[in-house]
Amino acid sequence: MIPWIERADIVVCARFKIQDDELGKDDLAAWACIRLDRLRTGYRFVRLLDANGTASQGLLLVKIEKSFA
């Protein structure tokens, strides 16, 4: 779990990277970056971008839990 710190002057993002697992190199297959203050809790589909930053048809199912210290 990622610790959550809430401050008005800080923008915190979660980055998701999907890499191809070939021997010797890990090519970037897809990625997503989402601000944590806009990411709701529960099960969510995250839309993925390809290595060039354009929208792809890829989706990633994640379960988001936030706790405040």
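Residues numbered from 1 in each chain as written. Predicted model: local features only at pLDDT ≥ 70, side-chain atom pairs only at ≥ 80, totals over all residues. Heavy atoms only, no water.

Draft legend 1. Expanded view of the environment of Arg-44. Locating Arg-44 in the fold gives a position in strand β3 (residues 42-49). Considered as a pair, Arg-44 and Lys-63 are 19 residues apart in the sequence and their alpha carbons are 6.3 Å apart. Leave out the neighbours within four places in its chain, and Arg-44 touches Leu-60, Leu-61, Val-62 and Ile-64. Within the local environment of Arg-44, its side chain forms a polar contact with the backbone oxygen of Thr-41, the two atoms lying 2.8 Å apart. (Helix = DSSP H or I, 4+ residues; strand = E, 2+ residues; numbered from the N terminus. Contact = heavy atoms within 4.5 Å. Polar contact = N/O pair within 3.5 Å; in protein donor to acceptor, adjacent residues only side chain to side chain.)

Draft legend 2. Here's a closer look at the environment of Ile-34. Within the element layout of this structure, Ile-34 appears in strand β2 (residues 25-35). Measuring from C-alpha to C-alpha, the distance between Ile-34 and Val-46 comes to 8.6 Å, with 12 residues separating the pair along the chain. Leaving out residues up to four positions away in the same chain, Ile-34 has contacts with Val-12, Cys-13, Ala-14, Phe-16, Leu-39 and Val-46.

Functional significance is not addressed by these values, which are geometric in nature.
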